[in-house]
Structure formats: C-alpha cells, structure tokens
Amino acid sequence: MNYKVTLLKGDGIGPEVISSVCQIFKAAQTPIEWEEMPAGAEAAKHFGSPMPQKTLDSIRKNRLGLKGPLMTPKGKGFRSANVALRKALNLYVGLRPVKSLPGIVTPYKDVDLVLLRENTEDLYSGIEHEVIPGTVITIKTSTQRAAHKIASWGFEYMRYEGRRAIHCCHKAPIVPMADGAFLDAFNQVAAEYPYIESKDIFVDNLAMSLAMHPEDFDVLLLQNLYGDIISDLAGGLVGGLGVVPGANIGDRIAVFEAVHGTAPDIAGQGKANPLAILNSALLLLRYVGERKKADRIECAVFDVLEEGQY
C-alpha cells in the first residue's frame, strides 16, 4: 500500500533539505507517493496567498503532509502561513519530540522529552485592536473544549508510546480564568488515566528546571504561546532546531514539518542540515504504521552521527 503525501518544499533551504528526504525515502523503498503543492513566499506571488486553497484541499484529500520551512512575506498583510494551515485544518496538537542524539555534543545527556502544544487558541487567535491611540489589547482565548481535546490526545499518545508522566504547564495564579480552564480540563482528563502520573508546574519554574535537570521530565502539555517558547528552549538542549522534528496533528489530518527557519543566507550552498525535516518525516512514517522503515532510516542516521565526520 502506498501513502499519498502532500509535499510543501518551502522557501530558502526548504527545497534542498526536502530533496534529501525524498532521496533517502526512495533509497529505503518507503511506500510514500509525493504530491507537490505550492506554499510560502513564491505561492504568495502566484496565488495571492502563502497557503493557497489548492494546497489546503490537497492536504485534506491526502490527510498527510510534509512541509519545509515557509516564509510569510513581511508588511504585505499576509497572515502566517503556518498559523493559517493549523487553523484551516484544525491541527490542534503541536507535537515536538526532543531527544538527545548520538554524536551531537551538548551540555545535556539523556534528554527524552515530548512537548504537546495546543495549536489553535491563546494569543495566536489573532484578536487584537487599538482601544485608544498608543494602547493595544490582545485577547488570549482559552476554551474548555480545546483544552480537553489536546489533553485527551496527549494521554492516549502516552498510553500507546509507553510514556509515564505528564506535566501541565501554566500560569494560573496570574491568568486564573484562561490558564485555570486549561488546568481544570487537564485534571478532568487525568482522572481517567490513574496509571499515568500527572502533575502541573508553573511555566517559569519549568523554564528554570529544564535548564538545570531536563532528564526529570517526560511529557509536557502547554498552551500555544508557552508551547512555542518552551519547545524552542527544549530543542536547544539537544543541539538546536536543526535536529528536532515537529508535527501538527488533528483528528483526521497530520502535517509534519521542520520547525527551523528558511535560512536564506545559506540557501543553495549545500550547507543546510536536513536532519530536522528527515526526523519529521520519520514521525510521518511511524504515524502511518511504517515503524520498521522508520527504524531502519533512524539507525542509519545514528551510524552517520556516531562517525562524527559530518
């Protein structure tokens, strides 16, 4: 059986790192058929949007996507292509596994975290206005429904992946209604999984603890803004955004992505490391059940990293 996957090559270094993934998948004889679609700055020029409708339709049809880094044209009124994608397809889970890799030297060892970021609400809802000149209000949205959905997804993910402990990260004393609703939903879902250890932690305490003892954490559940910031911090523990994978997942659709930027300063020079998008593509393989293929490629990657030559 072949799996048809919408392919967004992206901008900057996107096409070259995506090309590496396609070569590796072909060599490994993975059952993936690519359907290339436009997105990013070039798409904005030709289709009037960095995330054209035809691209969204392709992902809806295939239910799977692999996305290189996208650039949203600045100062032209375009909404972030990444945010538009998540909202349009209701990809409410931002999945970011963060794991120490062989051959990549960092001050930390044995890091093995999974961050789950609520992808659709919070300050990323884009609701803001100027109430009087010089004073802007930005609205943080938090619904019980969205919090319950990602918490339920997270506990089921843990059950199937053998994860044992989860922290809900929040700032409820400062934002008692919005963060409080997120924490309440987490506790309600946690009660249905008594065999999984569930705790909560203030997000500022989490930032300090990750810098000191990241090995103390297993799974982290965060709202949108906190998840955006902490997931990048966690990526820095294992070598940076150039090595960590990411995915945006909904009930029926999943889009896997490199979470680093477009790096236009090195585009086309053969310097870009394809490891982040390759690891994201391995998440895709495991998502569709092709674990043996993913494991073979991952072992080959580990062999290369352990050699220390590249």
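Look a little higher up for the structure.
Residues numbered from 1 in each chain as written. Predicted model: local features only at pLDDT ≥ 70, side-chain atom pairs only at ≥ 80, totals over all residues. Heavy atoms only, no water.

Caption draft 1: Examining the side chain of Thr262 more closely. Mapping Thr262 onto the fold places it in the loop between strand S12 (254–258) and helix H9 (275–287). Residues contacting Thr262, with those up to four places away along its chain left out, are Asp11, Gly12, Ile13, Pro69, Leu70 and Met71. (Helix = DSSP H or I, 4+ residues; strand = E, 2+ residues; numbered from the N terminus. Contact = heavy atoms within 4.5 Å.)

Caption draft 2: Structural view of helix H8 (residues 224–237). Across its 14 residues, H8 extends 20 Å between first and last C-alpha, which sits within 8% of the 20 Å expected from 1.5 Å per residue. All buried positions along H8 are accounted for by Asn224, Tyr226, Gly227, Ile230, Ser231, Ala234, Gly235 and Leu237. One face of H8 carries all of its buried residues, which in axial projection span an arc of 155°. Check the buried side of H8 and you find it contacts strand S4 (93–99), strand S5 (112–118), strand S8 (165–170), helix H6 (178–190), helix H7 (203–212) and strand S10 (219–222). Once H8 ends, the next one or two residues include Gly239, with phi positive near 130°. (Expected span 1.5 Å × (residues − 1). Buried < 20%, exposed > 50% of the residue type's maximum accessible area, 1.4 Å probe, protein only. Arc of directions from axis to C-beta.)

Caption draft 3: Representation of helix H4 (residues 81–89) in the model. Turning to H4, its buried residues number three or more, namely Ala81, Val83, Leu85, Arg86 and Leu89. On the buried face of H4, the contacting elements are helix H3 (53–62), strand S3 (64–67), S5, strand S11 (245–249) and S12. A positive backbone phi angle near 50° is found at Asn90, which sits one or two residues after H4.

Caption draft 4: Expanded view of the packing of helix H1 (residues 14–27) against H9. It is the contact of H1 with H9, at a shortest axis distance of 9 Å, that shows an interaxial angle of 45°. With respect to H9, the axis of H1 lies oblique. Note on packing geometry: the crossing formed by H1 with H9 is right-handed. Here H1 contributes Val17, Ile18, Val21, Ile24 and Phe25 to the contact with H9, which in turn contributes Ile277, Leu278, Ala281, Leu282 and Leu285. (Axes fitted to C-alpha atoms, helices over the stretch in contact; angles between N-to-C directions. Parallel < 35°, antiparallel > 145°, perpendicular 65-115°, else oblique. Left-handed = near helix turned anticlockwise from the far one by under 90°.)

Caption draft 5: Structural view of the sheet that holds S10. Ordered by their spatial adjacency, 10 strands build an open sheet running S2-S1-S3-S12-S11-S4-S5-S10-S8-S9, and the pairing between neighbours is mixed. What marks the edges here is a single partner per strand, and that holds for strand S2 (32–36) and strand S9 (197–202). Within this sheet the neighbouring strands show an average axis-to-axis angle of 25°, counted without direction. As paired strands, strand S1 (residues 3–8) and S3 are joined by three bridges and run parallel to one another. Its bridge partner being in S3, Leu8 is matched across the sheet by Lys67. Contacts between H9 and the sheet are confined to S1, S2, S3, S4, S11 and S12, with S12 contributing the most and set at about 160° to the helix. (Pairing = 2+ DSSP bridges.)

Caption draft 6: Up close: the nonpolar core. Grouped together as the largest cluster of nonpolar side chains are 77 residues, with contacts concentrated most on Phe25, Leu66, Leu113 and Leu206. In terms of residue count, the dominant contributor to this core is H9 (eight residues). Not counting the four nearest positions on each side in its chain, Phe25 is found in contact with Thr30, Ile32, Trp34, Leu278, Ala281, Leu282, Leu285 and Ile297. Residues Leu56, Ile59, Leu70 and Leu91 belong to the second largest nonpolar core, which totals 13 residues. (Core = buried A, V, L, I, M, F, W, Y, C linked by side-chain atoms within 4.5 Å.)

Caption draft 7: Representation of the packing of helix H5 (residues 144–161) against H6 within the structure. Packing of H5 against H6 leaves a shortest axis separation of 8 Å and a crossing angle of 40°. One way to sum up the angle between H5 and H6 is to call them oblique. Crossing of H5 against H6: the hand is right-handed. Along the contact surface, H5 presents Gln144, Ala147, His148, Ile150, Ala151, Ser152 and Phe155, while H6 presents Ala181, Phe182, Asp184, Ala185, Phe186, Gln188, Val189 and Ala190. When its residues are assigned to classes, the contact of H5 with H6 shows 10 nonpolar, four polar and one charged. (Nonpolar A, V, L, I, M, F, W, Y, C, P; charged D, E, K, R; others polar.)

Caption draft 8: Looking closely at the environment of Lys199. Relative to the helices and strands, Lys199 is located in strand S9. According to the relative accessible area criterion, Lys199 is partly exposed, its value standing at 41%. Sequence separation between Lys199 and Ala39 is 160 residues; the distance between their C-alpha atoms is 39 Å. Within polar-contact distance, the side chain of Lys199 engages the side chain of Glu197 at 3.1 Å. (Polar contact = N/O pair within 3.5 Å; in protein donor to acceptor, adjacent residues only side chain to side chain.)

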